[in-house]
Each structure stands twice: as structure tokens, then as C-alpha cells.
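Tertiary structure, described
Given next are the chains, with one letter for each unit.
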Amino acid sequence: MDIEEIRDILPHRYPFLLVDRIEELEAERIVGIKNVTINEPFFAGHFPDYPVMPGVLVVEAMAQVAGVLVLSQIADRKNKLVLLAGVDGAKFRKPVRPGDQLRIEMKLTKRKATLAKMYGTVTVDGVVVAEAEMFCVLADRPSPARPAP
């Protein structure tokens with residue numbers, strides 16, 4: 001799945017779209033790619049002398065990959081949002097730096113009508129840099145707000 005197909009599924013946009021490609025997509029498993037570049041806006045302040053991708057954004061990238069899996073299986077996905085409801089056991093094993101390519105693998109461990117529980121790992125060059133269990137809730141997307149007169 002290329003970036004245009006991802007953009008058709010996820011509502012996120014620059015600078016918060018943190019998935020560049022989906023390499024594998026199965027009923028209960030997905031693998032996504034995030035290319036980390038020095039041009040990422042967060043590197044200007046985190047940290048200028050030793051740029052490191054914030055762990056919360058690594059978790060967000062995992063959640064977005066999970067969101068692609070959940071939304072890709074829903075016919076009326078344009079009317080739905082996948083919201084992160086919880087994160088358990090997040091571990092950050094190594095810093096993520098500019099030039100790294102994150103391979104994000106998420107596995108569905110439990111699914112109900114509006115809830116998905118997933119476990120994921122993030123690797124760089126085959127080395128685990130992060131892992132977490134997360135809970136996602138499927139919600140109705142609100143109607144777009146109308147601009148004030």
C-alpha cells in the first residue's frame with residue numbers, strides 16, 4: 001500500500017501522518033514503514049545536538065499502522081475514526097534517529113465490534129527499538145465543523 005492508499009484510509013495529514021508505506025496486510029497482522037528524516041519538525045527541539053524521535057511519536061506511528069489494519073476491514077471507513085484508548089507495557093529499547101527506517105509490525109490479539117487489542121514491535125535494521133500493547137476504539141466520525149460566520 002503506497003502513501004496515497006494510506007491517505008485514503010487514515011485521516012492524518014502532515015506533519016502528523018507517521019506511516020509511509022504498508023508492506024504486508026493480513027486479517028490479523030500488518031507491517032508498516034516509517035522513514036525517519038532530519039526534516040521531521042520535532043527534531044528542531046528534540047534534541048538539536050542529538051536528534052531523537054520522541055517515544056510518544058513512535059507509539060503514535062504504531063497506532064496509525066494499527067488504524068490502517070482496523071479501518072481497511074470496514075466498508076464505511078470514511079464515517080469512522082480509530083482512537084487510541086490505552087497503551088500498556090511500552091518499552092523503548094534504543095533511540096530512533098534521523099536516517100532510521102522503522103518497521104512497525106502490529107498483531108491483532110483481540111477484536112470486538114468497536115474494540116481492538118494489538119501488540120506491536122518496532123525494529124530498525126532487525127533490532128527491536130520499541131514495543132507496546134495498545135487498545136483502539138472504533139468511533140463514529142463527527143460531521144465536519146462549519147466555519148463561524
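An account of the accompanying structure is given in this report. (Residues numbered from 1 in each chain as written. Predicted model: local features only at pLDDT ≥ 70, side-chain atom pairs only at ≥ 80, totals over all residues. Heavy atoms only, no water.)

Turning next to the environment of V129. Within the secondary structure layout, V129 lies in strand β6 (residues 127-140). For the pair formed by V129 and D100, sequence separation is 29 residues and the distance between their alpha carbons is 11 Å. (Helix = DSSP H or I, 4+ residues; strand = E, 2+ residues; numbered from the N terminus.)

What follows deals with the pairing of β6. Taken together, the ten bridges between strand β3 (residues 80-92) and β6 define a ladder with antiparallel strand orientation. In the sheet register, F92 faces β6, and the bridge partner there is A130. Here strand β5 (residues 115-124) runs beside β6; their pairing, made up of ten bridges, is antiparallel. Its bridge partner being in β6, V122 is matched across the sheet by A130. Linking two consecutive strands that pair antiparallel, namely β5 and β6, is a turn of two residues; a positive phi of about 50° is found at D125 within it. (Pairing = 2+ DSSP bridges.)

With that settled, consider the nonpolar core. Membership of the largest hydrophobic core comes to 41 residues, with the highest contact counts inside it found for M53, L102, I104, M106 and V122. At the level of secondary structure, the elements contributing two or more residues to this core comprise α1 (3-9), α2 (55-72), β4 (101-111), β5 and β6. The biggest single contributor to this core is α2, with twelve residues. Excluding anything up to four places from it in sequence, I104 contacts I30, V31, G32, K34, A61, M62, V65, T121 and V122. (Core = buried A, V, L, I, M, F, W, Y, C linked by side-chain atoms within 4.5 Å. Buried < 20%, exposed > 50% of the residue type's maximum accessible area, 1.4 Å probe, protein only. Contact = heavy atoms within 4.5 Å.)

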